[in-house]
Structures are given as structure tokens and as C-alpha cells.
Amino acid sequence: MRVLVVGATGVVGRQLVPLLVADGHTVVGTATSEAGAAAIIGAEALVLDVLDASATEAVVASARPDVVVCQATALSSFGGNMRKFERYFAKTNRLRTEGTANLLAAVERNGGARVIAQSYAASAYPPGGSYAKDEDEGFDPDPPKAMADTFASMRRLEESVATASQDNVCLRYGFFYGPGTTLDVGGVQLEAVRKRQMPVVGDGDGAPSYLHVEDAAGAVMAVLENGHGVYNIVDDEPAPFREWLPFVAGVLGAKPPRHVPVWLGRLFAGDAGVYMMTRARGGSNAKARRELGWEPVHPDWRTGFRTALSG
């Protein structure tokens, strides 16, 4: 097939393009700069800002894809400061709404390729109850104000992708770790753990889902010709913060994390950070396993982080 990967230089795109090429597909990858395009290996490389509707139209028309994989985000500058959550996610929210709209319109006018889009399940489900929610739960309808635009943009993305074609797919990813992420060796979030700058807040009952970037790319391969609708692409078990943080500190050889009350946590992490650490709920991958036959190579965050951080 001809596959257009929008965001080919992101942490998932860098894993995905080689898999597609090795599987015999013709790949066109996009980056937002000439330097980024030069780093795309094994595929035709184009420069694209998907917020530019006319440029998006031209790229889709040129690529003539059978499948479009949208992995466009703007989170490379995320510094781990949850007090700035709204600022860090502002452009990504536009990419999920305006960018997706531009892409879907271009696809409709140029042959109707199948679209596989990136969504989010790491900590988006309603608080309370099971740590691992299935897709039908939907996003938390009442997140903190700082996260409201982000949750709304994900709803709009999924609704627009589903409305465009019943064959389209949205993959709700967990928190990424592994090469190129903030949870990679030397990444800003792990450095905060190493320096004891990330404490357990309150009861630490927030339980997001995690996902190695290799498994994110593997999930795209699994849906190239299979599945429709929405899938949680997460590992087997959400990670309560009170368990995850001491575990990762131990793997790093760092001192155990401090524990602070919610009021103090809110001062340095804001409402978004407190939500993540005390109330967040992740997803269940049962549907993806059942319908797609997808199995994460790193199914357990404990062994996954240990492996990822060992080298």
C-alpha cells in the first residue's frame, strides 16, 4: 500500500516508518521543517504544516495514499511542568482539531484514503472505579479547567474521524516511554524522578496507562488493514502513581520519592498534575487484543521500564 505518515519524525513516526518500509509499503513521511524531512530514512520526505489547509491538500494529492496515519503533535518542547499543561498542549489541541479537519477534507477530495489517527487514553477516563476503563467509558466530562481544551480536542478529533468514514480508526495511546520520550534515559521527567523533584501527591491513586513507543508503532501496523472505530493502545495494567514512582526511582538508583499533601502538590504541579497523580484512570487493551490480535511487546510497565532504562 501507499502510506502517508503525517508526523514521521515524532517518537511514534520514527518507529513506524522503518516497519512500514520493511513490510513492503511505499511510504511518504512528513516533517514540519527541511531538517526534519532530511532525517526521514527509507521514505519519500515532504515538509508539511497540517494547519495549512492548502499545503495539506497538495501533499495528499501528491502522495496518493491508500492509508493516512496522522501522528502530528507539538509536544517536543514539553518540559514536564504540569502547571503549564494548558500552554504546552495548546498547539497539539489545534493539530487535533484544525489539523485533522484539514487532513480529512484533503483525503475526501483525493480518493478517500483510510485514516488512522492518534488519540489518547493514558489518563483521560472518568475518575473512580476500575483503573482500566474500556473505550465505551469515554473521556472524563469534568476534567480540571487546565485540561478541558485538551479533552475537548480529543473528542472533536474522534468524532470527525468517525464521521468521515466508518473504516477510519482512532488509537488511544497511553503515556509514551522509550526512545525520544520524556520518559527515556536522560528525559526531563526521569531526571525529575532522579533528583527527587517529583513526589507522590496525596494518596497517589491516579493510575494512568503507559505504552512503549515500539508498541504504539506495532499497533498502527495491526490496524493498517483491520479494525475500525476506537481502540485503547496501552499496556496490560494501569500504574497507580504511588507504585509507579517508587518503582522507577528504584530502577534509576535514585532515592525514594517524597510524599506531599494535595494542597502542596497543587502549588508546584497545578490542578492538572494533582489530577494525574490522584484521580486519573487509564484504559484496558482487551478490545485491541481481541479484535486486532495486537499484543504489546512490553505488556507490563514494570518489566517495560526496567528494560527501557537498562541501556
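This text gives an overview of the structure that appears in the document. Remember, predicted model here, so these are calculated numbers, not experimental data. (Residues numbered from 1 in each chain as written. Predicted model: local features only at pLDDT ≥ 70, side-chain atom pairs only at ≥ 80, totals over all residues. Heavy atoms only, no water.)

Scanning the chain from N- to C-terminus turns up 11 helices and 13 strands. Each of the three principal axes of the chain carries a C-alpha extent, and together these read 55 × 40 × 35 Å. Relative to its 311 residues, the chain shows a buried fraction of 54%. Counting contacts in the chain only where the partners sit at least 6 residues apart, residues at least 24 apart contribute 78% of the total. Computed over 30 positive and 35 negative side-chain charges, the separation of the two mean positions in the chain equals 8 Å. (Helix = DSSP H or I, 4+ residues; strand = E, 2+ residues; numbered from the N terminus. Buried < 20%, exposed > 50% of the residue type's maximum accessible area, 1.4 Å probe, protein only. Contact = heavy atoms within 4.5 Å. Lys, Arg positive; Asp, Glu negative; His and termini not counted. Charge placed at Lys NZ, Arg CZ, Asp CG, Glu CD.)

What follows deals with the pattern of salt bridges. In the structure shown here, the tally under the stated rule is 11 salt bridges. Across the pair Asp205 and Arg242 runs a salt bridge whose closest N-O atoms are separated by 3.1 Å. Taken together, the positions of Asp205 in the loop between β9 (200–201) and β10 (210–212) and Arg242 in helix α8 (residues 241–252) put the pair 37 residues apart, joining distant regions of the chain. Note on Asp205: relative accessible area 16%, which makes it buried. With a closest N to O distance of 3.0 Å, Asp236 and Arg289 form a salt bridge. (Salt bridge = Lys/Arg side-chain N within 4 Å of Asp/Glu carboxyl O.)

Once that is clear, we can look at empty space enclosed by the protein. Applying the stated criterion across every chain yields a total of one cavity of 30 Å³ or more. Estimated volume of the largest cavity: approximately 50 Å³. Contributing to the lining of the largest cavity are Cys70, Gln71, Ala72, Leu95, Arg96, Thr100, Gln118 and Leu157. It is helix α4 (residues 85–109) that contributes the most residues to the lining of the largest cavity, three residues altogether. (1 Å grid on protein atoms, 1.4 Å probe; cavity = no way out; pocket = protein on both sides within 12 Å on 5 of 7 lines; lining within 4 Å. Points joined across faces, edges and corners; volume = space filled by probe spheres on them.)

Let us now look at the nonpolar core. Counting 34 residues, the largest nonpolar core has Val5, Ile116, Leu171, Tyr173, Phe176, Ile233 and Trp294 as its most contacted members. When contributions to this core are tallied by element, the ones reaching two or more residues are β1 (2–6), α1 (13–22), β2 (26–31), β4 (67–70), β7 (169–173), α7 (213–223), β11 (229–233) and α10 (286–292). Per element, the largest residue contribution to this core is seven residues, and it comes from α7. With sequence-adjacent residues up to four places away left out, Tyr173 is seen in contact with Val12, Gln71, Gln118, Ser119, Tyr120, Ala121, Ala122, Leu211, Ala216, Val220, Ile233 and Val234. (Core = buried A, V, L, I, M, F, W, Y, C linked by side-chain atoms within 4.5 Å.)

With that settled, the discussion passes to the sheet that holds strand β5 (residues 114–120). Strand order in the open sheet formed by seven strands is β3-β2-β1-β4-β5-β7-β11, and the pairing between neighbours is parallel. Of all strands in the sheet, those bounded by a partner on one side alone are β3 (44–47) and β11. Across this sheet, the average inter-strand angle for adjacent strands is 20 degrees, counted without regard to direction. Along the sheet, α1 makes contact with β1, β2 and β4, crossing β1 at roughly 175 degrees. Sheet strands touched by α7: β4, β5, β7 and β11. Its angle to β7, the strand with the most contacts, is close to 160 degrees. (Pairing = 2+ DSSP bridges. Axes fitted to C-alpha atoms, helices over the stretch in contact; angles between N-to-C directions.)

On inspection of all chains with the given rule, the structure shows 10 aromatic pairs. Arranged with centres 4.0 Å apart and planes meeting at 20 degrees, the rings of Tyr177 and Phe305 form a pair that is stacked. Of this pair, Tyr177 sits in strand β8 (residues 175–177) while Phe305 sits in helix α11 (residues 301–310), and the two are 128 residues apart along the sequence. For the pair Tyr177 and Phe305, a shared accessibility class is recorded, and that class is buried. Against the face of Phe139 rests Arg172, its NZ or CZ located 4.6 Å from the ring centre. Note that Lys287 overlies the ring of Tyr231, its terminal NZ or CZ placed 4.8 Å from the centroid. (Phe/Tyr/Trp six-rings, centres within 6.5 Å; stacked < 30°, edge-to-face > 60°. Lys NZ or Arg CZ within 6 Å of the ring centre and 35° of its normal.)

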